Amino acid sequence: MRKLLLLLLILNGGFTFCQIEEVRRITQQLCSPELNGRGYVNKGDSLAAAFIAAEFSKIGLKPIGDSYFQEFQHSVNTFPGKMLVKQNNRILIPGVHFLVDAGSAGGKMQLKPKRIPISIALNTEKLIQEIQAISNGTTYNSIAFDFRKLSSDTLRKINGLTRKIAGIMPVIEVTDRKLTWSVSSEQLKYPLLQIQDSVFVFDEALTIEIEAEQLTDYRSNNVIGYLPGKRKWGKKVIYSAHYDHLGRMGEETYFPGANDNASGTAMLLSMANYFKKNPINRSIVFIAFAGEEAGLVGSKYFVQNPLVKLKKISFVLNLDIMGSGEEGITVVNATLFESEFKELQQINQEQKLISHIKSRGPAANSDHYWFTQMNVPAFFIYTMGPNKNYHDIFDTYENLSFVEYQDLVALLCAFTKQL
Ligand SMILES: [Zn+2]
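Here is what the cut-offs are and how they apply
Residues numbered from 1 in each chain as written. Predicted model: local features only at pLDDT ≥ 70, side-chain atom pairs only at ≥ 80, totals over all residues. Heavy atoms only, no water. Donors = N, O, S within 2.8 Å, 3.2 Å for Na, K, Ca; no water. Tetrahedral: all angles 85-135°; square planar, octahedral: opposite > 155°, others 65-115°. Helix = DSSP H or I, 4+ residues; strand = E, 2+ residues; numbered from the N terminus. Buried < 20%, exposed > 50% of the residue type's maximum accessible area, 1.4 Å probe, protein only. Core = buried A, V, L, I, M, F, W, Y, C linked by side-chain atoms within 4.5 Å. Contact = heavy atoms within 4.5 Å. Pairing = 2+ DSSP bridges. Salt bridge = Lys/Arg side-chain N within 4 Å of Asp/Glu carboxyl O. Axes fitted to C-alpha atoms, helices over the stretch in contact; angles between N-to-C directions. Patch = residues over 30% accessible without salt bridge, like charges linked within 9 Å, V, L, I, M, F, W, Y side chains within 5 Å. Areas by Shrake-Rupley, 256 points an atom, 1.4 Å probe, with all protein chains shown as cover.

Caption draft 1: Looking closely at the coordination of the zinc ion. Summarising the metal site, the zinc ion is bound by the protein donors His242 (NE2), Asp260 (OD), Asp320 (OD) and Asp320 (OD), whose distances to it range over 2.0 to 2.5 Å. The coordination sphere of the zinc ion comprises four donor atoms, whose angles at the metal cover 52 to 140°; the geometry is irregular. Sequence spacing among the residues donating to the zinc ion works out to H-x17-D-x59-D. Linking histidine 242 in strand E12 (residues 236-242) with aspartate 320 in the loop between strand E16 (313-319) and strand E17 (329-332), this pair joins segments that are 78 residues apart in sequence. Both residues of the pair, histidine 242 and aspartate 320, count as buried.

Caption draft 2: Examining the nonpolar core more closely. If you look at the biggest cluster of nonpolar residues, it comprises 66 residues, and the most contacted ones within it are Tyr239, Phe275 and Phe286. If you tally residues by element for this core, the top one is helix H8 (residues 258-277), at 10 residues. The contacts of phenylalanine 286, once residues within four sequence positions are left out, are Phe56, Leu61, Val223, Ile224, Gly225, Leu227, Tyr239, Leu268, Met271, Ala272 and Phe275. Formed by 31 residues, the second largest nonpolar core is a distinct cluster that contains Val85, Val174, Ile210 and Met249.

Caption draft 3: Geometry of the pairing of E12. With respect to burial, E12 is a largely interior element, seven of its seven residues being buried. The two faces of E12 match: Lys236, Ile238, Ser240 and His242 on one face and Val237, Tyr239 and Ala241 on the other face are all buried. Sheet topology places E12 next to E16; five bridges connect them, and they run parallel. Across the sheet, residue isoleucine 238 finds its bridge partner in E16, namely valine 316. Here E12 runs beside strand E15 (residues 284-289); their pairing, made up of six bridges, is parallel. Across the sheet, residue tyrosine 239 finds its bridge partner in E15, namely phenylalanine 286.

Caption draft 4: Focus on the pattern of salt bridges. One pass over the full model with this rule turns up 13 salt bridges. In this structure, the salt-bridge partner of glutamate 55 is arginine 25, at a minimum N-O distance of 3.1 Å. Here arginine 25 lies in helix H2 (residues 20-31) and glutamate 55 lies in helix H3 (residues 44-59), a separation of 30 residues in the sequence. For glutamate 55, a relative accessible area of 5% gives the class buried. Through salt bridges with shared partners, one network takes in Glu22, Arg25, Glu55 and Lys58.

Caption draft 5: Seen up close, the sheet that holds E17. In space, the eight strands of this open sheet follow the order E1-E11-E15-E12-E16-E19-E17-E18, with mixed pairing throughout. The sheet terminates laterally at strand E1 (69-78) and strand E18 (357-360), the two strands that pair on one side only. Geometrically, the sheet is characterised by an average inter-axis angle of 20° between neighbouring strands, direction not taken into account. Lying on the sheet, helix H9 (residues 297-304) is in contact with E1, strand E11 (213-227), E12 and E15; it crosses E1 at an angle near 145°.

Caption draft 6: Representation of a nonpolar patch on the surface. Taken together, Ile93, Val96 and Phe394 make up a surface patch of nonpolar side chains, about 240 Å² in accessible area. Position of valine 96 relative to the elements: it lies in the loop between strand E3 (90-91) and strand E4 (98-100).

These figures come from the coordinates and say nothing about function on their own.
Written as structure tokens, this is what we have:
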């Protein structure tokens, strides 16, 4: 009876693949304010790298060379200090009411923005006239574009426009769309803000006090651990997940990046843990990439300076956004590697794991991209579900469901054994 109970526990509890309490501990730690959103203010990404290296060591992964770290340098714009935006006496909340553009300059100033409707934004000649009139006059010193109720077609047309104008004067985009942040390697000449239309009053001055600092030669580290297989020769499997996120936007506000990609980093560790205890023939290299949000710079550096010969890689499995799955998973590059994709589907059907596996073609949307460019076979897998908190302050640990986490680990374990 006892044996039967134990067997039932193993079958139902996912004990064989990973323990969800451990996954929760790691994800929560990566999302904590102490790690500063794993960005560049207070060296958040370095703190996260040290945490991951300690986990690699606990699991028993080996470094390739002297340490787990592969250092590279890049340039990044940061917001380490003041982040005040005030209209009349209303203080706007960073991340909720407004964002500074990732490339925004800082400044302490009073803005008197002229409202520019979309019709003028789309008319280059008229727009130039407006800019000249503002520059020559004394009434206004900046622009507030009225970007409410725009179609996706119009949005495409104005893509990049405000960044160009922020080279001439401060710019505000007044928007009714979700605020989504990013990372920029460069700094614009003037402040560029996105403000929610529900809190913005046109024709009313604003006070801003924003600290921005561009860090050139910032040092980041890919964290790389090696697990020798039972067979010493042959190609290696690579598991990757980026651990960096967007960091801080001012002293008070940080982006936890729970789904993107504390969840994938946790899964990287789950896979390492499983294969350490259940070795397969192939050796496996686990890479936690840095600088993904800054333009896939960590994976680019790795592919240009590979610690594993690219020709010796059998397959790359890149994990990004692993915290949901209610609507299944998507496999990027599925159309490039049809037989591997069929295998994945077959395992899934046999073991009844994920509700839906969607096929997608190549896309430059995560770290697998550079491997694909170098003809190294790779899948990028992400989960889909009702949690739409993406690149915003609401992508928190509390909003992760982890519904398909254990099933996905089981699927990847079975798939990897067949590679
Ligand atoms: Zn990501």
